[in-house]
Amino acid sequence: DAKTTQPPSMDCAEGRAANLPCNHSTISGNEYVYWYRQIHSQGPQYIIHGLKNNETNEMASLIITEDRKSSTLILPHATLRDTAVYYCIVRVDGNNRLAFGKGNQVVVIP
Amino acid sequence: DAGVTQSPTHLIKTRGQHVTLRCSPISGHKSVSWYQQVLGQGPQFIFQYYEKEERGRGNFPDRFSARQFPNYSSELNVNALLLGDSALYLCATSRQGEETQYFGPGTRLLVL
């Protein structure tokens, strides 16, 4: 499975858009980009996923570069409840195992 | 619809004992996967079951086993517990074997 690289931590201002980067330079054509987040001591929460096109749902937007080597998760209006570890994962089509890294500890600051 | 449920929420065992953890999937979900998350790390894949058959296994010793029942619920069993088995055990379910997984709250196991 392709590996991902995320910053270990970042701070975001409450009410502002939070842009969370992820590099996946070895991604293959059949690998999806998935984003989960984990609030302290809870199970990971699914946020969004995509293959080639940008995606948006009620939680976030996912922007994937044209070469698919990187992506950005956008939380449009960060709130204190968005403080969590965010995981960027690439998943091979046909393979249901998620390979989590250490993620990006995002802290939303008032 | 209810989300993924896991029981118990917390458990304390001693070395050498055996433990059984349980997971009930979201209604309509037929695939169950188990993950282990030790403190400070991301979850690590242990098993996937789909339609009651094992479809994938991570790099875990044979002390770890699982099964899936006709109602698609699942059990994770760990024998001969070691201190290093202390972790948050997560269950994730999906409609089929290859779709988005939704996680339960986890069972926190402490081995003394």
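As a reminder, the structure under discussion sits directly above these lines.
Residues numbered from 1 in each chain as written. Chains lettered and ligands numbered in written order. Predicted model: local features only at pLDDT ≥ 70, side-chain atom pairs only at ≥ 80, totals over all residues. Heavy atoms only, no water.

K.L.:
When you look at the state of the cysteines in this model, what are you seeing that I'm missing?
P.N.:
Here is the idea: a disulfide is a covalent bond, and it sits between the sulfur atoms of two cysteines. All names here are of chain A. Taken as a whole and judged by the stated rule, the model has 2 disulfides over all chains. Shown here is the disulfide that connects C22 with C88, its sulfur atoms set 2.1 Å apart. Torsion about the S-S bond of the C22 and C88 cystine: about -85 degrees, corresponding to left-handed handedness. Here C22 is found in strand β2 (residues 18-23), whereas its partner C88 is found in strand β8 (residues 84-92), with 66 residues between them in sequence. Accessibility classification places C22 together with C88 in one group, the buried group. (Disulfide = S-S within 2.5 Å. Helix = DSSP H or I, 4+ residues; strand = E, 2+ residues; numbered from the N terminus. Buried < 20%, exposed > 50% of the residue type's maximum accessible area, 1.4 Å probe, protein only.)

K.L.:
Explain the environment of R97 of chain A here, please?
P.N.:
Note that R97 of chain A resides in the loop between β8 and β9 (104-109). Residue R97 of chain A is classed as partly exposed on the basis of its relative accessible area, which comes to 29%.

K.L.:
Any chance you could explain the layout of surface pockets here in plain terms?
P.N.:
Counted as a void, the largest pocket has a volume near 490 Å³. Along its surface, the largest pocket is lined by 22 residues, and H40 and S41 of chain A together with Q37, L39 and G40 of chain B are the ones closest to its centre. Taken together, the elements giving at least two residues each to the lining of the largest pocket come down to β8 of chain A together with β9 (87-94) and β11 (107-111) of chain B. Its residues assigned to classes, the lining of the largest pocket comprises 10 nonpolar, 10 polar and 2 charged. If you add up the space inside the second largest pocket, you get close to 220 Å³. In terms of lining residues, the second largest pocket is bounded by 12 residues, among which R97, L98 and A99 of chain A together with Q44 and F45 of chain B are the most central. Considered class by class, the residues forming the lining of the second largest pocket number 6 nonpolar, 4 polar and 2 charged. (1 Å grid on protein atoms, 1.4 Å probe; cavity = no way out; pocket = protein on both sides within 12 Å on 5 of 7 lines; lining within 4 Å. Points joined across faces, edges and corners; volume = space filled by probe spheres on them. Nonpolar A, V, L, I, M, F, W, Y, C, P; charged D, E, K, R; others polar.)

K.L.:
Explain the side chain of S94 of chain B to me, please; I cannot follow it from the model alone.
P.N.:
Mapped onto the secondary structure, S94 of chain B falls in strand β9. Given the relative accessible area of 0%, S94 of chain B is considered buried. Residues within four places of S94 of chain B in sequence aside, it is in contact with N96 of chain A together with H29, K30, S31, E99, T100 and Q101 of chain B. (Contact = heavy atoms within 4.5 Å.)

K.L.:
What's the story with the pairing of β2 of chain A in this structure? I'm lost.
P.N.:
All names here are of chain A. With burial as the criterion, only one face of β2 is covered, namely that bearing A18, L20 and C22; the residues N19, P21 and N23 on the opposite face remain uncovered. In the sheet, β2 pairs with strand β7 (residues 70-75) via 6 bridges, with the strands oriented antiparallel. What sits directly across from L20, in β7, is L73. (Pairing = 2+ DSSP bridges.)

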